[in-house]
Amino acid sequence: LADEEAVLILEKTPIREDTLAELFSGSRLKLEMRNDIYSTYRLQAPPHLNEIKTTLVCPATEKHVKKYQRQESFLVEETGEDYRSITLPYIQKQSFSLQWVYNILEKKAEADRIVYEDPDPVVGFVLLPDFKWDQKQVDDLYLIAIVHPRDIKSLRDLTSEHLPLLQNIFQKGKEAIRQRYNLPASKLRVYLHYQPSYYHLHVHFTKLGYEAPGCGVERAHLLADVIQNLQSDSHYYKTRTLYFPLRADDGLLSKFKEAGRL
């Protein structure tokens, strides 16, 4: 676009329950196969019910382009020492710009999308919908809590001194979702990613039953477990061996290979 590299992401939007009646009555069906009680059809929905969510990243860096290319993945085993000697130096040199995060925290962008905010500089956070969620139904609810402190990159930085922050997010985030979307805490999955997609601490809130990208055991860490682990050992995530997937073209994977750790 205008001589700049760009990434265009196309995603089918979820089928909504409140549009099913119109979908059934206003679509065309073409039979593909029938076998006893089983039939398959090609359904052509009315255009306004057949939307494609489109996200544009421009200008896109080489890292953005690689992030969205289909690649084989490998499971990495990272000790606390591996983090300090391999991962941390790499992310300090390679990580994405966080200006878009700061724009949200400073209300320079997306202020109208904020669901809840605790402005406290130590334990505060901003809660807003993730771009993966179109906000049209709670079945695929997905919100992100972005912390106000700017010196916490990821799970690895957390110690017991951050427990008030984590507990504040856990309690107030769930309550804000209950009030706004009438969804009880028992219907929520609250977790952190490691490795995260960007290195400013944030917490994911998704509806239980919705298989959100990255909610699998190889990447997601339940916030309740994180809190309990830090209560038991202040430096749990400083020393704990963690596992996470990396794509074949990820530069960090190359660093682990060079160090003989893969």
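Quick notes on the rules
- Each chain has its residues counted from 1, following the order in which its sequence is written.
- Local features in this predicted model are restricted to residues of pLDDT 70 or higher, and side-chain atom pairs are both shown and tallied only at a pLDDT of 80 or more, whereas totals for entire chains, interfaces and linings draw on every residue.
- The side-chain values count all of the structure's non-hydrogen atoms but skip hydrogen atoms and water molecules.
- Every helix listed is a DSSP run of H or I at least four residues long, and every strand listed is a run of E at least two residues long, numbered separately from the N terminus.
- Note on classification: 1.4 Å probe, protein chains only; a residue is buried when its accessible area is under 20% of the maximum for its type, exposed when over 50%, partly exposed between these limits.
- Reported accessibility uses the Shrake-Rupley method at a 1.4 Å probe radius. Residues are deemed covered only where the shown protein chains occlude them.
- His is not counted, nor are the chain ends; Lys and Arg add positive charge and Asp and Glu add negative charge.
- A charge is said to be at NZ when it belongs to Lys, at CZ for Arg, at CG for Asp and at CD for Glu.
- At least two bridges found by DSSP between two strands is the condition for calling them paired.
- To define axes, lines are fitted to C-alpha atoms, for helices over the stretch in contact only, and angles between the resulting N-to-C directions are given on a 0 to 180 degree scale.
- Here a residue-residue contact requires only that any non-hydrogen atoms of the pair lie within 4.5 Å.
- The rule is simple: put a 1 Å grid over the protein atoms alone, call a set of points where a 1.4 Å probe fits but cannot get out a cavity, call an open set with protein on both sides within 12 Å along at least five of seven lines a pocket, and count a residue as lining if it has an atom within 4 Å of a point.
- Grid points are joined across faces, edges and corners, and a volume is the space filled by probe spheres set on the points.
- Small angles under 35 degrees read as roughly parallel and large ones over 145 as roughly antiparallel, with 65 to 115 read as roughly perpendicular and the rest as oblique.
- Take the far helix as the reference: if the near one is turned anticlockwise from it by less than a right angle, the crossing is left-handed, and if turned clockwise, right-handed.
- We call Asp, Glu, Lys and Arg charged. Ala, Val, Leu, Ile, Met, Phe, Trp, Tyr, Cys and Pro are nonpolar, and the rest, Gly among them, are polar.
- Arc, as used here, means the arc of the directions from the helix axis to the C-beta atoms.
- Among the buried residues, those of types Ala, Val, Leu, Ile, Met, Phe, Trp, Tyr and Cys that are joined through side-chain atoms within 4.5 Å form a nonpolar core.
- Patch rule: a residue counts if its relative accessible area is over 30% and it has no salt bridge; like charges are joined within 9 Å, and nonpolar side chains (Val, Leu, Ile, Met, Phe, Trp, Tyr) within 5 Å.
- What makes a salt bridge here is a side-chain nitrogen of Lys or Arg within 4 Å of a carboxyl oxygen of Asp or Glu, nothing more.
- One fewer than the residue count of a helix, multiplied by 1.5 Å, yields its expected span.

1. Here's the deal with the overall build of the protein chain
Counting its regular elements, the protein chain contains eight helices and twelve strands. Along the first, second and third principal axes, the C-alpha atoms of the protein chain reach 60 × 45 × 45 Å. When each of the 262 residues of the protein chain is scored for burial, the buried share is 40%. Put simply, the protein chain shows about 15,100 Å² of open surface, and 50% of that area lies on carbon and sulfur atoms. Positive and negative charge centroids in the protein chain, built from 35 and 37 side chains respectively, lie 1 Å apart.

2. Re the sheet that holds strand β10 (residues 202-207)
One open sheet accounts for six strands, arranged β6-β7-β8-β10-β9-β11; its pairing is antiparallel. Pairing within the sheet leaves two strands with one partner each, and these edge strands are β6 (116-118) and β11 (220-222). Taken over all neighbouring pairs, the strand axes of this sheet differ in orientation by 25° on average, direction set aside. Sheet analysis places strand β9 (residues 188-193) next to β11, joined by three bridges and oriented antiparallel. Paired with leucine 192 across the strands is histidine 221, a residue of β11. Of the strands in this sheet, β6, β7 (125-129), β8 (142-147), β9 and β10 touch helix α5 (residues 163-181), which is tilted by about 40° from β7. Sitting on the sheet, helix α6 (residues 223-232) touches β9, β10 and β11, and the angle it makes with β11 is about 65°.

3. Some thoughts on the layout of surface pockets
Size it by volume and the second largest pocket reaches roughly 320 Å³. Taken together, 16 residues make up the lining of the second largest pocket; nearest its centre are Ile15, Leu23, Ala45, Leu49 and Asn50.

4. Topic: the packing of α5 against α6
In the contact formed by α5 and α6, the axes pass within 10 Å of each other and the chain directions differ by 155°. If you check the angle between α5 and α6, you find them roughly antiparallel. The crossing of α5 and α6 is left-handed. Contacts between α5 and α6 involve Leu163, Leu166, Gln167, Ile169 and Phe170 from the first element and Leu223, Ala224, Val226, Ile227, Leu230 and Gln231 from the second. When the residues that make up the contact of α5 with α6 are grouped by side-chain class, the tally is nine nonpolar, two polar and no charged.

5. Digging into α6
What α6 keeps buried is the set Leu223, Val226, Ile227 and Leu230. Viewed end-on, α6 has its buried residues packed into an arc of 100°, placing them on one side of the element. In this structure, the buried side of α6 is in contact with α5, β9, β10, β11 and α7 (236-239).

6. Remarks on the nonpolar core
Membership of the largest hydrophobic core comes to 63 residues, with the highest contact counts inside it found for Leu127, Leu143, Leu158, Ile169, Ile177, Phe205 and Leu223. Those residues in contact with isoleucine 177 that lie beyond four places of it in its chain are Leu127, Leu141, Leu143, Asn182, Leu183, Leu188 and Phe205.

7. Remarks on a nonpolar patch on the surface
Where nonpolar side chains cluster on the molecular surface, the patch consists of Leu1, Leu8, Leu10, Ile52 and Leu56 and spans about 520 Å² of accessible area. Tracing the sequence through the fold places leucine 1 in the segment before β1 (7-12).

8. Notes on α5
Residues separated by three or four positions in an α-helix point in the same direction, a consequence of the helix having 3.6 residues per turn. With 19 residues, α5 extends 26 Å between its outermost C-alpha atoms, agreeing within 8% with the 27 Å of an ideal straight helix rising 1.5 Å per residue. Within α5, the full set of buried residues consists of Leu163, Leu165, Leu166, Asn168, Ile169, Phe170, Gly173, Lys174, Ala176, Ile177 and Tyr181. Residues of α5 that are buried sit in contact with β6, β7, β8, β9, β10 and α6. Positive backbone phi, approximately 55°, marks asparagine 182, located one or two places after α5.

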